[in-house]
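In case you want the letters, here they are:
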Amino acid sequence: MNLRLLAYTAAFTISVGLCTASSWSIEIPSSALENYRLESQYGPSDALLNPIYDRDERLEAAVGGAFAPLSSLGKYQAVTGSLLYNINRRHAVEPIFYSYHATQLSGFVKNQIADKLGTSFDDLSVEIPKQVVLASYYFTPYHSKLHLTSQSVLHFDIYFGAGAGVIQLQPLDLTSLAGKGRWAPLVSVNAGMRFLFASRFFTKIDFKNLIYKSEDFSKSSLKNDLQIGMALGLLF
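Residues numbered from 1 in each chain as written. Predicted model: local features only at pLDDT ≥ 70, side-chain atom pairs only at ≥ 80, totals over all residues. Heavy atoms only, no water.

Peer 1: Before we move on, can you summarise the overall build of the chain with the specific residues and values?
Peer 2: For the chain, the count of helices and strands is 3 helices and 8 strands. Along the chain, helices and strands appear, N-terminal first, in the series α-α-β-β-β-α-β-β-β-β-β. The buried share among the 236 residues of the chain stands at 33%. Look at the contacts in the chain between residues 6 or more apart in sequence, and 64% of them connect residues 24 or more apart. With an accessible surface of roughly 14600 Å², the chain has 64% of that area assigned to carbon and sulfur atoms. (Helix = DSSP H or I, 4+ residues; strand = E, 2+ residues; numbered from the N terminus. Buried < 20%, exposed > 50% of the residue type's maximum accessible area, 1.4 Å probe, protein only. Contact = heavy atoms within 4.5 Å. Areas by Shrake-Rupley, 256 points an atom, 1.4 Å probe, with all protein chains shown as cover.)

Peer 1: So what's going on with the confidence of the model for the chain? Residues and values would help.
Peer 2: In this model, the chain carries a mean pLDDT of 78, and residues with pLDDT of at least 70 account for 67%. Within the model, the stretch residues 21–25 combines pLDDT values under 50 with 0 contacts to residues more than four positions away or in other chains. (pLDDT = per-residue confidence, 0-100.)

Peer 1: Before we move on, could you go through the packing of aromatic side chains and cite the residues and values that matter?
Peer 2: Per the stated rule, a full pass over the model turns up 2 aromatic pairs. Between tyrosine 138 and tyrosine 159, the aromatic rings sit 5.4 Å apart at their centres with planes inclined by 85°, giving edge-to-face as the arrangement. On the criterion of sequence distance, the pair formed by tyrosine 138 in strand β4 (residues 125–149) and tyrosine 159 in strand β5 (residues 152–173) is long-range, its members being 21 residues apart. In this structure, tyrosine 138 and tyrosine 159 share a single accessibility class: buried. (Phe/Tyr/Trp six-rings, centres within 6.5 Å; stacked < 30°, edge-to-face > 60°.)

Peer 1: How would you explain the pattern of salt bridges if you had to name every residue and give the values?
Peer 2: Applying the stated criterion across every chain, the model contains 4 salt bridges. One salt bridge in this structure joins arginine 194 and aspartate 157, with 3.2 Å as the shortest N-O distance. With arginine 194 in strand β6 (residues 182–196) and aspartate 157 in strand β5, this residue pair connects regions lying 37 residues apart in the sequence. With a relative accessible area of 4%, arginine 194 lands in the buried category. Bridged by salt links that share partners, the residues Glu60, Asp157 and Arg194 form one connected network. (Salt bridge = Lys/Arg side-chain N within 4 Å of Asp/Glu carboxyl O.)

Peer 1: Describe in detail the pairing of β6, supporting the description with residues and values.
Peer 2: Note that β5 and β6 share 15 bridges and pair antiparallel. Along β6, the bridge assignment pairs isoleucine 167 with alanine 184. Looking at chain direction, β6 and strand β7 (residues 201–216) are connected through 11 bridges and run antiparallel. Counterpart to phenylalanine 195 in the pairing with β7 is threonine 203. Counting the residues between successive antiparallel strands, the hairpin from β6 to β7 contains 4 residues, one of them, arginine 200, with a positive phi of roughly 75°. (Pairing = 2+ DSSP bridges.)

Peer 1: Go over the sheet that holds β6 with me, naming the residues and quoting the values.
Peer 2: Taken in spatial order, the 8 strands of this closed barrel run β1-β2-β3-β4-β5-β6-β7-β8, and their pairing is antiparallel. Across the sheet, the mean angle from the axis of one strand to that of its neighbour is 25°, orientation sign disregarded. Note: strand β2 (residues 74–86) against strand β3 (residues 91–105), 12 bridges, orientation antiparallel. Bridge pairing in β3 places tyrosine 85 opposite valine 93. (Axes fitted to C-alpha atoms, helices over the stretch in contact; angles between N-to-C directions.)

Peer 1: Talk me through unusual backbone geometry; I want residue IDs and the actual numbers.
Peer 2: In this model, glutamate 57 sits at a positive phi of 55°, which is unusual for a non-glycine residue. With respect to the element layout, glutamate 57 can be found in the loop between α2 (32–42) and β1 (58–67).

Peer 1: Help me get a handle on the nonpolar core, residues and values and all.
Peer 2: Of all hydrophobic cores here, the largest spans 13 residues; its most connected members are Val132, Leu134, Ile167, Leu186, Leu210 and Tyr212. At the level of secondary structure, the elements contributing two or more residues to this core comprise β2, β4, β5, β6 and β7. Excluding residues that lie within four positions of it along the chain, isoleucine 167 makes contacts with Pro129, Gln131, Val132, Arg182, Trp183, Ala184, Pro185, Leu186 and Tyr212. Membership of the second largest hydrophobic core comes to 6 residues, among which are Tyr53, Ala62, Leu196 and Ala231. (Core = buried A, V, L, I, M, F, W, Y, C linked by side-chain atoms within 4.5 Å.)

Peer 1: Could you give an account of a nonpolar patch on the surface, with specific residues and numbers?
Peer 2: A contiguous nonpolar surface patch, about 830 Å² in accessible area, is contributed by Leu59, Leu83, Tyr85, Ile87, Val93, Ile96, Tyr98, Tyr100, Tyr137 and Phe236. For the nonpolar patch, the secondary structure elements donating two or more residues are β2 and β3. In terms of residue count, β3 provides more of the nonpolar patch than any other element does, 4 residues in total. Mapped onto the elements, leucine 59 comes out in strand β1. When its relative accessible area of 36% is taken as the criterion, leucine 59 is described as partly exposed. (Patch = residues over 30% accessible without salt bridge, like charges linked within 9 Å, V, L, I, M, F, W, Y side chains within 5 Å.)

See below:
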């Protein structure tokens, strides 16, 4: 009899305890160790390869400089500016790219050609780029991060593009006297790398191969000018 009473009492006590526990909400604080265990099993809440900020349907404005290191007929330095619209992370259009060039004849033209011709130039001239206006499409297939130190990460994109526009060509005779300029169509093949910063700033290294027809020494030819530029920009 006593054993049966004891069993009933124990069952009643356990039932009351379970009901009371279910009505209470006990919040156990998470610890750094617990978070680490969860992330090690299911991955971090923010993916490591996510971009540093969202660029979908946003504008980028950039200003910088450029130069042409490989032209044998002329050399120039340029001031550049551009406005780019990001459709999404991979696709973008650049409705306007502008560059203004300070141009001069190369040492090859002055020393190897002008000196050998003496004074018999006979209106020979070389056309050098003076201004460029471009519209381009860009594709960004690759976004990644690079650990610089244990506390800092460098975000960067690699992009490719193609564009079309116009170029102003400035004829220079062999004494560097400028003639009347003209505008001509051009196309470009572009590639570059963009480095991103947390405050929405970025810097980029840009390569543009400008393809156009020019009149050099009274002959028309298709010319390829590699323009290398650096720019600093802001995402709006």
